[in-house]
Structure formats: C-alpha cells, structure tokens
Amino acid sequence: MAKLTKAQREWRPGMPKKRRSTKVMFASTVLLLEAFVAFFGTLVVFGLKRGEVAPGIILGVGIALSVVLVLACAVLSKPWGIGLGWGLQLLLILTGIAEPMMFIVGVLFAICWWYGIRTGMRIDREVAQRDREQAEWDATHRDEAGPETP
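A brief look at the structure comes next. Computed from a predicted structure; not experimentally measured.

Thresholds applied
- Residues numbered from 1 in each chain as written.
- Predicted model: local features only at pLDDT ≥ 70, side-chain atom pairs only at ≥ 80, totals over all residues.
- Heavy atoms only, no water.
- Helix = DSSP H or I, 4+ residues; strand = E, 2+ residues; numbered from the N terminus.
- Rg over C-alpha atoms; globule rule 2.2 N^0.38 Å.
- Buried < 20%, exposed > 50% of the residue type's maximum accessible area, 1.4 Å probe, protein only.
- Contact = heavy atoms within 4.5 Å.
- Areas by Shrake-Rupley, 256 points an atom, 1.4 Å probe, with all protein chains shown as cover.
- Lys, Arg positive; Asp, Glu negative; His and termini not counted.
- Charge placed at Lys NZ, Arg CZ, Asp CG, Glu CD.
- Core = buried A, V, L, I, M, F, W, Y, C linked by side-chain atoms within 4.5 Å.
- Expected span 1.5 Å × (residues − 1).
- Polar contact = N/O pair within 3.5 Å; in protein donor to acceptor, adjacent residues only side chain to side chain.
- Salt bridge = Lys/Arg side-chain N within 4 Å of Asp/Glu carboxyl O.
- Phe/Tyr/Trp six-rings, centres within 6.5 Å; stacked < 30°, edge-to-face > 60°.
- Axes fitted to C-alpha atoms, helices over the stretch in contact; angles between N-to-C directions.
- Parallel < 35°, antiparallel > 145°, perpendicular 65-115°, else oblique.
- Left-handed = near helix turned anticlockwise from the far one by under 90°.

Scanning the chain from terminus to terminus reveals five helices and zero strands. The N-to-C order of helical and strand elements in the chain reads α-α-α-α-α. Over its C-alpha trace the chain gives a radius of gyration of 22 Å, far above what one expects of a compact globule, namely 15 Å for 150 residues. Each of the 150 residues in the chain was classed as buried or not, and the buried ones make up 25%. If you take every contact in the chain between residues at least 6 apart in sequence, the share linking residues at least 24 apart comes to 68%. Accessible surface, the chain as shown: approximately 10,900 Å² in total, 68% of it carbon and sulfur. Within the chain, the 13 negative side-chain charges are centred at a point lying 9 Å from the centre of the 18 positive side-chain charges.

In terms of nonpolar packing, the biggest core is built from 18 residues, with Leu31, Leu69, Leu76, Leu92 and Trp113 touching the most fellow members. Ranked by residue count, the leading element in this core is helix H2 (residues 22-49), at six residues. Beyond its immediate chain neighbours, meaning those up to four positions away, Leu31 contacts Leu69, Ala72, Cys73, Leu76, Leu88, Gln89 and Trp113.

Moving on: H2. In this model, H2 (28 residues) spans 40 Å end to end at C-alpha, consistent with the 40 Å of a helix rising 1.5 Å per residue. For H2, every residue scored as buried is listed here: Thr22, Val24, Ala27, Ser28, Val30, Leu31, Glu34, Ala35, Ala38, Gly41, Thr42 and Val45. Tucked inside the fold, the buried residues of H2 contact helix H3 (55-72), helix H4 (81-94) and helix H5 (101-140). Between a side-chain oxygen at the N-terminus of H2 and the backbone nitrogen of Lys23 the separation is 3.3 Å; the capping residue is Ser21.

Moving on to H3. End to end, H3 covers 26 Å across 18 residues, agreeing with the expected 26 Å (1.5 Å per residue, within 8%). Summarising the contacts, the buried residues of H3 are in contact with H2 and H4.

A few words on the pattern of salt bridges. For side chains bearing opposite charge, pairing can occur when the charged atoms are close. According to the stated counting rule, one finds two salt bridges in the structure shown. Here Asp131 makes a salt bridge to Arg19, at a shortest N to O gap of 2.9 Å. Pair noted here: Asp131 is in helix H5 and Arg19 is in the loop between helix H1 (6-10) and H2, with a separation of 112 residues, a long-range link. We note a salt bridge from Arg122 to Glu126, for which the minimum N-O separation is 3.2 Å. Residue Arg122 and its partner Glu126 are both found in helix H5; the two are separated by four residues, about one turn of the helix.

What follows is about the packing of aromatic side chains. Inspection of every chain in the model, using the stated rule, returns two aromatic pairs. Taking the centre distance of 5.3 Å and the plane angle of 70° together, the rings of Phe39 and Phe40 count as edge-to-face. Ring geometry for Trp86 against Trp113: centres 6.3 Å apart, planes inclined by 85°, an arrangement best described as edge-to-face. One end of the pair, Trp86, is in helix H4; the other, Trp113, is in helix H5, and 27 residues separate them in sequence.

What follows concerns the packing of H2 against H4. Running from amino to carboxyl end, H2 crosses H4 at an angle of 25°, the nearest separation of the two axes being 12 Å. As far as their axial angle goes, H4 and H2 are roughly parallel. Relative to H4, the crossing made by H2 is left-handed. Listed contacts from H4 to Lys23, Leu31, Glu34 and Ala38 of H2 are Ile82, Leu88, Gln89 and Leu92.

Okay, the side chain of Glu99 next. Residue position: Glu99 is located in the loop between H4 and H5. Here Glu99 occupies a buried position and makes no salt bridge, while the nearest side chain of opposite charge, Lys49, is found at 5.3 Å.

What follows is the structure in structure tokens.
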C-alpha cells in the first residue's frame, strides 16, 4: 500500500478541502513557461555559439536553469519561495549576455511574474474575506437553514 501524505492522514469525512493559493498557481505557471523558454533558448545558443563556447557548458548551464525553474515551483508556498522566484527572474534576464534577445524575453517574463504575484495576492485576499463572511453568515443563519439534504 502506498504511503499516505500528511493531508491524507489528517483528513476526516466532512472536512472542507483546503483552497490552493492563486498566487502560487500564477507563479508556478510563469516559472514553467520560463523553463520551456530557457530550454529552447539553450538550443538557440547551442546552435549559434557552438564554435565559441564548449557545447557541454552551453547545454549544461541551460538545462540546469530549466530544471531549477521547474523545481522552484515546489517551494513557492514557502516564505522564501517568492524571493527565489525573483532571483530566477534576474537570472533569466542575465541570460541576455549569451543571447541579447533574452534581455527582452527576461524583462517580459519579469513583468508577468510581478503581475501574477500582485494579482494572485489580491485574489487570495478577496477569497479569504469571502470565506470569513460566509462563515459568519453560516454561523448566524444556522437555525434558518433547515434540515440538510444530501
């Protein structure tokens, strides 16, 4: 039998499902898109600069960046995860040193990152406020609800 996760062990019938953060979903989407761009950018640099720089270095650095971008999605819910994401934005901008068009691509992705974080935080706040208001309403109108229907 497979090992249960902490959330699975603590679950009880009737427990509401914990909401996932919109900020984390938006940030994960941006990082995954950046991973694809980093991978294909690596192939571009490999094709253009193969004679100037060792192919192993080009492929190693590019693929490592792509893997780090994907793995960063796992830590976005940690307090330092968003800071790591900002560092990766800077790193993607700096890949413009190898291919100048990446300066533009990196800045555009940094803008997407900023917008996703900002909008995700606003949506998470609004959802939390709505949940609080719903809980208050449920508490004050419990007697009026009548019998529960399945």
